[in-house]
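A closer look at the structure
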Amino acid sequence: MDLIAKALTKRGYKEDDIKNILHDLISHDNKRKSNQQINDDLKSKIREYSGQIGQLYKEGKQDEASSLKNEVGEIKERIKSYDENDKNLKTKIDNILLSLPNAPHDSVPHGKSEDDNEVIQNWEKPFPNLGSSALPHWELAKKYNIIDFELGAFITGSGFPLFRNKGSKLKRALINFFLDEAEKAGYEEIRPPLMVNEASALATGQLPDKEGQMYHMEKDNLYLIPTGEVPITNIFRNIVLKESDFPLKVTAYTPCFRREAGSYGSDVKGLNRVHQFDKVEIVQISHPDDSYKLLDQMVKHVEELLIKLELPYRILRLCGGDLGFTSALTYDFEVFSAGQKKWLEVSSVSNFEAFQTNRLKLRYKDDKGKTHLAHTLNGSALALARIVAAILENNQTPEGIKMPKVLKKYLNFEIIN
RNA sequence: GGUGAGGUGGGUGAGUGGCUGAAACCACCGGUUUGCUAAACCGGCGUACGGGUAACACUGUACCGCGGGUUCGAAUCCCGCCCUCACCGCCA
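Thresholds, definitions, all that
- Residues numbered from 1 in each chain as written.
- Chains lettered and ligands numbered in written order.
- Predicted model: local features only at pLDDT ≥ 70, side-chain atom pairs only at ≥ 80, totals over all residues.
- Heavy atoms only, no water.
- Near = heavy atom within 4 Å.
- Polar contact = N/O pair within 3.5 Å; in protein donor to acceptor, adjacent residues only side chain to side chain.
- Helix = DSSP H or I, 4+ residues; strand = E, 2+ residues; numbered from the N terminus.
- Patch = residues over 30% accessible without salt bridge, like charges linked within 9 Å, V, L, I, M, F, W, Y side chains within 5 Å.
- Areas by Shrake-Rupley, 256 points an atom, 1.4 Å probe, with all protein chains shown as cover.
- Salt bridge = Lys/Arg side-chain N within 4 Å of Asp/Glu carboxyl O.
- Lys, Arg positive; Asp, Glu negative; His and termini not counted.
- Charge placed at Lys NZ, Arg CZ, Asp CG, Glu CD.
- Buried < 20%, exposed > 50% of the residue type's maximum accessible area, 1.4 Å probe, protein only.
- Pairing = 2+ DSSP bridges.
- Core = buried A, V, L, I, M, F, W, Y, C linked by side-chain atoms within 4.5 Å.
- Contact = heavy atoms within 4.5 Å.
- 1 Å grid on protein atoms, 1.4 Å probe; cavity = no way out; pocket = protein on both sides within 12 Å on 5 of 7 lines; lining within 4 Å.
- Points joined across faces, edges and corners; volume = space filled by probe spheres on them.
- Axes fitted to C-alpha atoms, helices over the stretch in contact; angles between N-to-C directions.
- Parallel < 35°, antiparallel > 145°, perpendicular 65-115°, else oblique.
- Left-handed = near helix turned anticlockwise from the far one by under 90°.

With that out of the way, let us pick up the protein's contact with RNA strand B. Close to RNA strand B lie 18 residues; Gln36, Asp40, Arg47, Ser50 and Lys76 are nearest. The separation between a base nitrogen of RNA strand B and a polar main-chain atom of serine 50 is 2.6 Å. Contact between RNA strand B and lysine 76: a phosphate oxygen at 2.7 Å from a side-chain N or O atom of the residue. For the surface near RNA strand B, the secondary structure elements donating two or more residues are α2 (15-58), α3 (62-99) and β14 (362-365).

Below is the structure:
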């Protein structure tokens, strides 16, 4: 309970709210326990009696049997109310628990908003010097006819850009590059469904927290995935692993769909924030003892990608107030996009500890045969839209936009002009 | 979408409404035995929520796809839903 209070405080909950939540939780739970004890006793009585009734019938003692029957009938009435009570309490408890965010790791800084995030690794080298003629990516996109925002808006709506020509090829190249790098790092590549059911969305914690951020198909009660994390992690729903299975590493390229309700202004200009974007996601299922070591590994992996793409980047540790609902510790990666002179978030690498596995029922047996919850981690490696924006802006020259060398083997051109 | 069959423990697979938390076999774990291996034999082998314990042990309840119902009593009967398989229809 102290842990919950501490966790919520760090996330910026008000003291009174915390008190109320805890009070409800404890009193409901106590009630449920005492309830269950009485109820179990009653049920056990019924089992005993019905056994006896059967016996009595065999012996032909109808009268005794029917008087017992009456007694069972009375007990059943009582059980009914206990059962109902139990159900109510359980849904109350579940609702509270589902609404509680994960507990932040000790290293998570205090703070209310993104302004309080801690820069743990800054960019020390100079930024690209483009002079005064530098264009933002949406103008470059138009100039070279590689992304058509208007056409995307015409077909679907704003925030659904249409990539064409070398823009389209650049995306394909990046996806292949990211997947190849993930494979080299030992991740199994999969192609998951892009829609998930309610159970899956609950298990990874998108529901109930992100209800309004997902596209929902009411008719079939399916959700368009907001990130590959959801289908990938749900591979492991309801599974008991052996200790020797760890770590499990899976990667996938998927489009991601987000409603981004409430966003506006320069934040959503061009590729900065879109409703559909491509992402290569990496996920690890870990032994609890190793998860922070693996988190560092994943951070390293993402950093390596940015270095290879020759993009200026910095790494932030999210503060309590900015930390995602499901995460215990998150590192964000931002790249500097020189046309806008702006940091763009391109990756988020998180350790969820047992938050998701609790909902997933993803456990493992230790050598004594006891089951424990595993840990889950994931990260974007990487999210495409903003990477494309940064590549376009940072690499622009009077002759055209130069492609990063590392993409050479994936592209049949070296410059967009 | 239509019709039919089916969903039982890690797997295969029994199961007349009470003696079934569930046979048997396989897998798995522990043990005995024979030079090793193999085999044979013996024992163990689910999850959740309670009680209990220092921790075990032990113990109550629930769970045979999910949710309801009938009954003194349900894996077993009834209803709804979901899923799987087969065939048909439609279709990239």
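With that settled, the discussion passes to a negative patch on the surface. Where like charges cluster on the molecular surface, the negative patch consists of Glu114, Asp115, Asp116, Asp322 and Glu345. Within the secondary structure, aspartate 115 sits in the loop between α3 and β1 (118-121). You can call aspartate 115 exposed: its relative accessible area is 68%.

Attention shifts here to the sheet that holds strand β6 (residues 216-217). Read from one edge to the other, the open sheet built from 3 strands follows the order β5-β7-β6, with strand pairing classed as antiparallel. The strands lining the two open edges of the sheet, one partner per strand, are β5 (195-197) and β6.

Further remarks concern the nonpolar core. By size, the foremost hydrophobic cluster in this structure holds 63 residues, and its most contacted members are Leu174, Phe178, Leu306, Phe333, Val335, Ile387 and Leu392. Beyond its immediate sequence surroundings of up to four residues, leucine 174 is in contact with Leu309, Leu384, Ile387, Val388, Ile391 and Leu407. The next biggest cluster of nonpolar side chains, apart from the first, holds 14 residues, and it includes Phe236, Phe246, Leu360 and Tyr364.

Below, the discussion takes up the layout of surface pockets. Looking at the largest pocket, its volume works out to about 1600 Å³. In this structure, the largest pocket is lined by 49 residues; those nearest its centre are Arg258, Arg273, Asp332, Glu345 and Arg386. Residue assignment for the lining of the largest pocket shows that the elements contributing at least two residues are β10 (276-286), β11 (313-317), β12 (329-337), β13 (342-353), β16 (375-383) and α11 (384-394). Here the lining of the largest pocket gets 9 residues from one element, more than from any other, and that element is β13.

When two helices pack together, you describe them by how their axes are tilted relative to each other and by the distance separating the axes. Look at helix α1 (residues 2-10) against α2: their axes get within 10 Å of each other, and the N-to-C directions meet at 150 degrees. One way to sum up the angle between α1 and α2 is to call them roughly antiparallel. The element α1 and its partner α2 pack so that their crossing is right-handed. Judged by residue contacts, Ile4, Ala5, Leu8 and Thr9 of α1 engage Ile18, Ile21, Leu22 and Leu25 from α2.

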